[in-house]
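Residues per chain are reported as follows:
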Amino acid sequence: MKQEDVMWIGENTALLEKAHAILVVTSQAFFDEKHLNIIESNDYRVAPWGLHNLLPQEVMEKIERVEIIGTNSDFNARVCYGNGPKLARLMRDDNGKIRDWAEVTEGKEYDWYLENNVPQLVLEILTDLSYFANAFPLFVFDKGFTHIKRMLHREAMFSRWGLDKSDQIKWLLHSSKWDKSPGSVPAKEDIEKSYVIDEFAAINDIRTQMAAKAYKRVCMALYLPSPGRPYYSYPNWYSVFRSGWYDNIAAIPELKKAILEHNLGIRYIIYTSDKYFTYKEQQAGLTPDSPIEKRVELKKKVVKELNDFACGGENQGKSMTVLKEMTGNGNTEEKYITVETIDDMVKEGEFLTDYETVANIISYAMGVHPSLIGAVPGKNSNSLSGSNIREIYLMKQAQMRPFIDLALRPFSIVKQINGWDKDIAVVLPEYIFTTLDQNKSGKQESTNTYAQ
């Protein structure tokens, strides 16, 4: 087979020109399978985040390839951000219920608000919750351990849990070098270690640590509930990676470009699990520590075999042995190789593969109605009326309340520890879109303010 018979047009997508087929390598290996081995070094015991302890990095790499996922994740964070956090004095009725608020622009609380750049903190927390379902704010004490002087945020991509001898979370380990040596722990001098407080008794735990003067800074875990995950939560929308819809939509732009450039008639799409290549590596006696050159060479050989089998009349009527395994307690069948026949991949310069349908499925998984972004991908971009979009947006705001409560929780702790006035709080007013006859701008600030 000539070298040009196989043309890689993306990280996991290849054109098998001789076979008139497309090869798509699907990957789920980076996911945490719930029962992973603790990573140990001389200094730390680390709970791995994903198979290679690089799940956030691998998820971001995938997000950057598909604009719909990145835009939806960003939208989920921004819809929570609303009109931005404000330092407010709350006004209550005789029953103690908040009826209104006024923005605070002076005093010790306002000085703290400005010094700690609260809008940036809130946006960073909301972003990590949206992308990874975990966020890692830090409280930094003053020299005398009398109050919380600073509040910081450590990016989820560079944060891992450090465990004690009983496998309980004790430390936040922050380092920019987790990806330098996958599956191992960076050098001690490259890690910032922070004590993790009990999020269910946060105020008492912080006061205990301040009295002991043991730790200069402490971390409070913020996370969305994720059943069955002992250390790191996972957003529900990660299902798009497991289901295969991500691989489908990620391949379409690359395939369309290649087919239009080379005028190729494609008859098949061959979906190959990365587990198939792992199986072939084991057969060849290769391990994860084997030279990368040998593994790449084997991958090319396997692709050549698939290309040779799929093409030529001499293989008509022959069968191929395909590996499969049972997952989900034996309830789900996962085939290592799946072949789909394409009747007519290109028609008037467009794929019959329905990009719009896949985009809508992914948006559904992420809880974002496509019309809220401003456009529906595809050729059937049916826009909704302004009234319908407004109602959908209001529903979306209501559904995001858990994110907002989590993001504001650390500031209520600062309020208690630092002795702020009881009626001063960080609030998140939201936008309410209305009709032009009620407000010329089409939007107004809600009095139904989220406060902690």
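Since the model is a prediction, treat every value here as computed from it, not as a measurement.

> Help me get a handle on the pattern of salt bridges, residues and values and all.
If you walk through the whole model with that rule in mind, you get 11 salt bridges. A salt bridge links Arg45 to Asp167; the nearest nitrogen and oxygen atoms lie 2.7 Å apart. Of this pair, Arg45 sits in strand E5 (residues 45-47) while Asp167 sits in the loop between strand E10 (159-163) and strand E11 (169-174), and the two are 122 residues apart along the sequence. Its relative accessible area of 29% is what places Asp167 among the partly exposed residues. For Asp405, the salt bridge goes to Arg401, with nearest N and O atoms at 2.8 Å.

> An account of the packing of aromatic side chains is requested, with residue identities and associated values reported.
Within the structure shown, the criterion is met by 16 aromatic pairs. Between Trp49 and Tyr232, the aromatic rings sit 4.4 Å apart at their centres with planes inclined by 5°, giving stacked as the arrangement. Here Trp49, found in the loop between E5 and helix H1 (55-63), pairs with Tyr232, found in the loop between strand E14 (222-223) and helix H6 (239-243); they are 183 residues apart in sequence, far enough to count as distant. One exposure class covers both Trp49 and Tyr232, and it is buried. Considering the side-chain rings of Trp237 and Tyr238, the 4.8 Å spacing of their centres and the 85° angle between planes classify their relative orientation as edge-to-face. When its relative accessible area of 6% is taken as the criterion, Trp237 is described as buried. Given the relative accessible area of 4%, Tyr238 is considered buried. One residue, Lys193, lies across the ring of Trp171, its end atom 4.2 Å from the ring centre.

> Lay out unusual backbone geometry in plain terms, naming residues and giving numbers.
In the Ramachandran plot, Phe145 falls in the positive-phi region, its phi being about 55° despite a non-glycine side chain. Among the secondary structure elements, Phe145 is positioned in the loop between strand E8 (134-141) and strand E9 (148-154). Of note, Lys213 is a non-glycine position whose phi angle comes to about 55°, a positive value. Of note, Lys213 is situated in the loop between helix H5 (202-212) and strand E13 (217-219).

> Talk me through a positive patch on the surface; I want residue IDs and the actual numbers.
Taken together, the side chains of Lys143, Lys149, Arg150 and Lys216 define a basic patch exposed on the protein surface. Along the chain, Lys149 falls in strand E9.

> Which residues make up the nonpolar core, and what are the values?
With 56 residues, the main nonpolar core has Leu87, Phe139, Met151, Ile197, Ile206 and Phe411 as its most contacted residues. Looking at this core element by element, the count peaks at eight residues for helix H13 (residues 401-418). Beyond its immediate chain neighbours, meaning those up to four positions away, Met151 contacts Trp112, Asn116, Leu121, Ile125, Pro137, Leu138, Phe139, Pro410, Phe411 and Val414. Leu163, Val240, Tyr355 and Ile362 belong to the second-largest nonpolar core, a separate cluster that totals 36 residues.

> Residues and numbers for the confidence of the model for the chain, please.
Per-chain confidence: the chain averages 81 in pLDDT, with 74% of residues scoring 70 or above. Looking over the chain, one finds the lowest element-wise mean pLDDT in strand E19 (residues 346-347), namely 49, and the highest in E8, namely 98. The model gives residues 433-443 a pLDDT under 50, and that stretch makes 16 contacts with residues more than four places away or in other chains.

> Would you mind going over the packing of helix H2 (residues 67-81) against helix H12 (residues 386-399) in detail, with residue names and values included?
At a closest axis distance of 9 Å, the pairing of H2 and H12 adopts a crossing angle of 85°. Between H2 and H12, the crossing angle belongs to the class labelled roughly perpendicular. Contacts between H2 and H12 involve Phe75, Asn76 and Val79 from the first element and Tyr393, Lys396 and Gln397 from the second. Class assignment of the residues belonging to the contact of H2 with H12 gives a composition of three nonpolar, two polar and one charged.

> Quick one: what's the story with the side chain of Glu109, residue by residue and with numbers?
Counting through the fold element by element, Glu109 comes out in helix H3 (residues 108-115). We note that Glu109 is buried and unpaired, the nearest opposite charge coming from Lys108 at a distance of 4.9 Å.

> If you had to explain the pairing of E9 to someone new, which residues and values would you point to?
In terms of strand pairing, E8 meets E9 through six bridges, oriented antiparallel. Bridging across to E9, Val140 finds its partner in Arg150.

> Can you break down helix H8 (residues 274-283) residue by residue, with the values?
Within the span of H8, buried status applies to Asp274, Tyr276, Phe277, Lys280 and Glu281. One side of H8 holds all its buried residues, which, seen down the axis, span an arc of 150°. Seen from the open side of H8, the exposed residues pointing more than 90 degrees away from its buried face are Gln282 and Gln283. At the C-terminal side of H8, Gly285 shows a positive phi close to 80°.

> Tell me what's going on with the side chain of Lys415, and back it up with residues and numbers.
Topologically, Lys415 is positioned in helix H13. Of the side chains bearing the opposite charge, Asp423 lies closest to the buried Lys415, which forms no salt bridge; the N-O distance is 6.3 Å. Excluding anything up to four places from it in sequence, Lys415 contacts Trp420, Asp421, Lys422, Asp423, Ile424 and Ala425.

> Can you break down the pairing of strand E7 (residues 98-103) residue by residue, with the values?
Sheet topology note: the strand E6 (residues 86-92)/E7 ladder contains five bridges and is antiparallel. Note that in E7 the partner of Arg92 across the bridge is Ile98. What sits between the antiparallel neighbours E6 and E7 is a turn of five residues, in which Gly96 has the positive phi angle 85°.

Calculation criteria
Residues numbered from 1 in each chain as written. Predicted model: local features only at pLDDT ≥ 70, side-chain atom pairs only at ≥ 80, totals over all residues. Heavy atoms only, no water. Salt bridge = Lys/Arg side-chain N within 4 Å of Asp/Glu carboxyl O. Helix = DSSP H or I, 4+ residues; strand = E, 2+ residues; numbered from the N terminus. Buried < 20%, exposed > 50% of the residue type's maximum accessible area, 1.4 Å probe, protein only. Phe/Tyr/Trp six-rings, centres within 6.5 Å; stacked < 30°, edge-to-face > 60°. Lys NZ or Arg CZ within 6 Å of the ring centre and 35° of its normal. Patch = residues over 30% accessible without salt bridge, like charges linked within 9 Å, V, L, I, M, F, W, Y side chains within 5 Å. Areas by Shrake-Rupley, 256 points an atom, 1.4 Å probe, with all protein chains shown as cover. Lys, Arg positive; Asp, Glu negative; His and termini not counted. Charge placed at Lys NZ, Arg CZ, Asp CG, Glu CD. Core = buried A, V, L, I, M, F, W, Y, C linked by side-chain atoms within 4.5 Å. Contact = heavy atoms within 4.5 Å. pLDDT = per-residue confidence, 0-100. Axes fitted to C-alpha atoms, helices over the stretch in contact; angles between N-to-C directions. Parallel < 35°, antiparallel > 145°, perpendicular 65-115°, else oblique. Nonpolar A, V, L, I, M, F, W, Y, C, P; charged D, E, K, R; others polar. Pairing = 2+ DSSP bridges. Arc of directions from axis to C-beta.

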